[in-house]
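Summary of structural features
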Amino acid sequence: MSILSSVLSELKELFFPARCAVCKEPLTAEEQTLCTLCRATAPLTGYEREPYNPLVAKFEGLVPIERASVMLFFRQGSGWQQLIHDFKYHASWRTARDMGRWYGHRLAESGWYSDVDLIIPMPLHALKQLHRGYNQATYLAEGMGLSMGVKVHRRAVKRSRNTSAQARTPLHSRAANVEGAFVVRDADALRGKHLLVVDDVLTTGSTVAELCLAILEAVPDCRISVAVLAASRASLGVE
Ligand SMILES: [Zn+2]
């Protein structure tokens, strides 16, 4: 590092110290993305250790899946909701990748995801990705891949229709809204594999279910598990 760039980075540290993505307190040199307190008090679900959990129950009868997990519960207005909002809308791709690394460690430690062959991030429609500049689910997936030692296939599936934001769509029309929204474009790479579909937030679960169904239709001999970073208790039917 040149003297100038090291001076510049020290100045940046001085004026814009890295802050915790949840509580916004300055981070110490040993902390990354989250402070020690937020990490220790994270609203973890522990679902990765429960083969039968509320997310698995949600997919029951909708789509055949091997395993499903959510890492965090989030509440409206909480720092954790802000973190997820930020990595969607404020280019915090590094935060998404770091959260993915953490989640990947938890899945690996649980022992229930050790036979996953390939990670598939939930695709964004090309226009939306162009507008946002990146797909946050891809960075989440990359972080998970790093800590699980599993490859990520970014282009296996594409979103063929620009479905309107699920949050603004009335519940009853959500299922119809995602129908036919995905196209598998690299079926060969998925054959016979155990896939892990990754998304950042669970709303109704219908988008994830539709993606899994599209993959199973194109590649009947693959197996699919699902890993979502965060969901509200209400969306999982637990209070
Ligand atoms: Zn914090």
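Residues numbered from 1 in each chain as written. Predicted model: local features only at pLDDT ≥ 70, side-chain atom pairs only at ≥ 80, totals over all residues. Heavy atoms only, no water.

1. A word on the pairing of strand β6 (residues 194-202)
For β6, the buried fraction is high: nine of the nine residues fall into the buried class. Note that strand β2 (residues 118-121) and β6 share four bridges and pair parallel. Looking across to β6, one finds that Leu-118 is bridged to Leu-195. Here β6 runs beside strand β7 (residues 223-231); their pairing, made up of eight bridges, is parallel. Across the sheet, the residue bridging to His-194 is Arg-223, located in β7. You can see the chain leave β6, run along helix α10 (residues 206-218) and come back into β7, and the turn it takes is right-handed. (Buried < 20%, exposed > 50% of the residue type's maximum accessible area, 1.4 Å probe, protein only. Helix = DSSP H or I, 4+ residues; strand = E, 2+ residues; numbered from the N terminus. Pairing = 2+ DSSP bridges. Right-handed = clockwise from strand over helix to strand, strands pointing away.)

2. Describing the pairing of strand β1 (residues 68-73)
Taken residue by residue, a regular strand's side chains alternate between the two faces of the sheet. The element β1 is largely enclosed, with a buried count of six among its six residues. In this structure, β1 lies alongside β7, joined through five bridges in parallel fashion. Paired with Leu-72 across the strands is Ala-230, a residue of β7.

3. Some words on helix α5 (residues 93-110)
A rise of 1.5 Å per residue sets the reference length of α5, with its 18 residues, at 26 Å; its end C-alpha atoms lie 26 Å apart and thus fit the reference within 8%. On its buried face, α5 sits against α2 (36-40), β1, α4 (79-89), α7 (136-148), β6 and β7. Two residues or fewer after α5 comes Gly-111, characterised by a positive phi angle close to 80°. (Expected span 1.5 Å × (residues − 1). Contact = heavy atoms within 4.5 Å.)

4. Brief notes about the coordination of the zinc ion
Binding of the zinc ion to the protein goes through Cys-20 (SG), Cys-23 (SG), Cys-35 (SG) and Cys-38 (SG), at separations of 2.3 Å. One way to put it: the four donor atoms around the zinc ion meet at angles of 102 to 117°, and that makes the site tetrahedral. The sequence pattern describing where the donors of the zinc ion fall on their chain is C-x2-C-x11-C-x2-C. Residue Cys-23 is located in the loop between α1 (3-15) and α2, and its partner Cys-38 is located in helix α2; the two are separated by 15 residues in the primary sequence. (Donors = N, O, S within 2.8 Å, 3.2 Å for Na, K, Ca; no water. Tetrahedral: all angles 85-135°; square planar, octahedral: opposite > 155°, others 65-115°.)

5. Here's the deal with the pattern of salt bridges
Oppositely charged side chains can pair when the atoms bearing their charge come close. Here the structure, examined in full by the defined rule, presents seven salt bridges. In this structure, Asp-115 and Arg-223 form a salt bridge, with 3.4 Å as the shortest nitrogen-oxygen distance. Of this pair, Asp-115 sits in the loop between α5 and β2 while Arg-223 sits in strand β7, and the two are 108 residues apart along the sequence. The partly exposed category is assigned to Asp-115, whose relative accessible area is 37%. The partner of Arg-191 in a salt bridge is Asp-188, and the shortest N-O contact between them spans 2.7 Å. Accessibility expressed as a relative area gives 57% for Asp-188, which makes it exposed. (Salt bridge = Lys/Arg side-chain N within 4 Å of Asp/Glu carboxyl O.)

6. Some details on the environment of Ala-234
When you line up the elements, Ala-234 lands in helix α11 (residues 233-236). Sequence spacing of Ala-234 and Thr-204 is 30 residues, and the spatial spacing of their C-alpha atoms is 9.9 Å.

7. Structural notes on the packing of α5 against α7
At a minimum axis distance of 6 Å, the contact between α5 and α7 shows a crossing angle of 40°. As far as their axial angle goes, α7 and α5 are oblique. In the crossing of α5 with α7, the sense of the turn from one axis to the other is right-handed. Contact with α5, carried on its side by Trp-93, Ala-96, Arg-97, Met-99, Gly-100, Arg-101, Tyr-103, Gly-104, His-105, Leu-107 and Ala-108, involves Gln-136, Tyr-139, Leu-140, Gly-143, Met-144, Leu-146, Ser-147 and Met-148 of α7 and no other residues of that element. Broken down by class, the residue content of the contact of α5 with α7 amounts to 11 nonpolar, six polar and two charged. (Axes fitted to C-alpha atoms, helices over the stretch in contact; angles between N-to-C directions. Parallel < 35°, antiparallel > 145°, perpendicular 65-115°, else oblique. Left-handed = near helix turned anticlockwise from the far one by under 90°. Nonpolar A, V, L, I, M, F, W, Y, C, P; charged D, E, K, R; others polar.)

8. Description of the packing of aromatic side chains
In this structure the tally under the stated criterion is three aromatic pairs. With a centroid separation of 5.8 Å and 90° between ring planes, the pair formed by Tyr-47 and Phe-73 is classed as edge-to-face. With a gap of 26 residues between them, Tyr-47 in the loop between α2 and α3 (54-59) and Phe-73 in strand β1 connect regions that are remote in the sequence. With a centroid separation of 5.1 Å and an interplanar angle of 40°, the aromatic rings of Trp-93 and Tyr-139 are classed as tilted. Of the two residues, Trp-93 is situated in helix α5 and Tyr-139 in helix α7; the sequence distance between them amounts to 46 residues. Taking relative accessible area as the criterion, Trp-93 reaches 29% and is therefore assigned partly exposed. Taking the relative accessible area as the measure of exposure, Tyr-139 reaches 22% and is therefore partly exposed. (Phe/Tyr/Trp six-rings, centres within 6.5 Å; stacked < 30°, edge-to-face > 60°.)

9. Some details on the state of the cysteines
Under the counting rule described, the total for this entry stands at zero disulfides. In this model Cys-222 remains outside any disulfide bridge; the closest cysteine sulfur is found in Cys-212, 8.9 Å from its own. Note on Cys-222: relative accessible area 6%, which makes it buried. (Disulfide = S-S within 2.5 Å.)

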